[in-house]
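Fold and geometry: a report
What follows is the residue order along each chain.
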Amino acid sequence: MEGRQLAALGLLETLLVAWLGWRLARAFAAPLAYLVFLVPFGAELVPSLQVFTARFIDIGLDVIGIPHVVTAFTIEIPEGRFYVAEACAGLRFLIAAMAFGALYALMMYRGPWRRLAFFAVACAVPIVANGLRALGIVVLGHILGSAEAAAADHLIYGWGFFSAVILLLTVAGLPFRQDTIRRVAPAAARNAAAWPAALPAVAATMVLAVAAPALAALLDRGAGTAAPVVLPRFAAAGCRATGGTAAAQTFDCNGATLTARVLALSPRSGPAPLRAALQAAADTRGAEDVRRSVLTVDGIAPQSWQLAERLDPPRATASAIFLDGRPSAGGLAMRLHLARTSTFGGGGRPVLVAVTLMPPAGSARAAATQLLHDFLAAQGAVLQAAAAASAAPATNSAE
């Protein structure tokens, strides 16, 4: 979706450049470039920002001398437990500061180096400031003697802290402002043939703007739906089967509810349907309390499973994707593969295997993870069938 929105913005700006000409386009370069902030971006930075914030808190508590234990994104002190959620990673703080920094640099400075320097500071300061904010909340919990009391109004603290940081950035940049405006001699009159020469570029841009959505709709219509895939039933692995179908089976594992799903998508599906199916299986769409990690299960393929854990309601989902008969590691390579097959066809179909565990109230996280591990370790036959289904032609089914 980010790529589509950036492409739409690029088409608009290309049309404006072709319409206005290079002279006016250069004069409007700054506001045209600022339009990039219309596109929501940066979600891929959240895990790295969470890691930085948790590490910053860890080092800060060491320096201050507050006893603590850090496990991934969870910080425990004697007064309670804190969790660095995705919403607390500082992405919104960073994007807002970047937008402000770009606007401030364009308005206050004339030279490109001063603009770049201030923008770089506006990108670095909010990352460190968010670490200080998170550290301050933990220290406040230590002072108040209650983690819940410190975290109750942490959104208000965040907005106040953000306002103070923006004010400090504004004051710090004032001594280096450039008030003088460079006078440029008026340009010569444009050639009368310049506008007719721009017509082909304008026409080509408009054709691309119309043809691209039409081609996308044509490809989506040609994708169709995948044929049903029949797989062996999941092994109980010490649990008791309670029902379900071949595509989604449920088990009772000593009070914990476990749901195992297999979903075969259309051979011409892109990354978006696969992502939507994974979010639906893990119930993570729009959730802000998601903890992501990797669950390693030896003796099966794949060995590495993506683990998504939610705190409210408590649940953990281990998922794996099969493409062309083998497990996929995800990332850019998978997206490029799906883009190629969705456009030109060929290959098998994406197959998603997702196992969701809803533990009973009060159970330990380690016990739930171990239960998921043991269940997955017993599913060799199902995983082999899923791999075969992902490599099969679209008209066949794997059994």
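It should be noted that the structure appears before, not after, this text.
These figures come from a predicted structure and were not determined experimentally.

1. Let's talk about the state of the cysteines
Overall, the coordinates contain 1 disulfide when judged by the stated rule. Shown here is the disulfide that connects Cys239 with Cys253, its sulfur atoms set 2.0 Å apart. Here Cys239 and Cys253 share a disulfide; its torsion about the S-S bond, 110°, makes the bridge right-handed. With a gap of 14 residues between them, Cys239 in the loop between α9 (194–223) and β4 (240–244) and Cys253 in strand β5 (residues 248–253) connect regions that are remote in the sequence. Classification of Cys253 by relative accessible area gives buried; the value is 3%.

2. Side note on the packing of helix α4 (residues 46–64) against helix α6 (residues 112–144)
Across the interface, α4 lies against α6 with an axial gap of 9 Å and an inter-helix angle of 55°. In terms of axis orientation, α4 runs oblique to α6. Considering only the axes of α4 and α6, their crossing is right-handed. Here α4 contributes Leu49, Phe52, Thr53, Phe56, Ile57, Gly60, Leu61 and Ile64 to the contact with α6, which in turn contributes Ile127, Val128, Asn130, Gly131, Leu132, Ala134, Leu135, Val138 and Val139. A class-by-class count of the residues in the contact of α4 with α6 yields 13 nonpolar, 4 polar and no charged.

3. Focus: the pairing of strand β6 (residues 256–264)
By the bridge criterion, 6 bridges tie β5 to β6 in an arrangement that is antiparallel. Bridge pairing in β6 links Thr250 to Thr259. Connecting β5 to the next strand, β6, in antiparallel fashion are 2 residues, including Asn254 with a positive phi near 55°. Note that β6 and strand β11 (residues 351–358) share 8 bridges and pair antiparallel. When the sheet's bridge partners are listed, Leu258 is paired in β11 with Leu357.

Criteria and cut-off values
Residues numbered from 1 in each chain as written. Predicted model: local features only at pLDDT ≥ 70, side-chain atom pairs only at ≥ 80, totals over all residues. Heavy atoms only, no water. Disulfide = S-S within 2.5 Å. Helix = DSSP H or I, 4+ residues; strand = E, 2+ residues; numbered from the N terminus. Buried < 20%, exposed > 50% of the residue type's maximum accessible area, 1.4 Å probe, protein only. Axes fitted to C-alpha atoms, helices over the stretch in contact; angles between N-to-C directions. Parallel < 35°, antiparallel > 145°, perpendicular 65-115°, else oblique. Left-handed = near helix turned anticlockwise from the far one by under 90°. Contact = heavy atoms within 4.5 Å. Nonpolar A, V, L, I, M, F, W, Y, C, P; charged D, E, K, R; others polar. Pairing = 2+ DSSP bridges.

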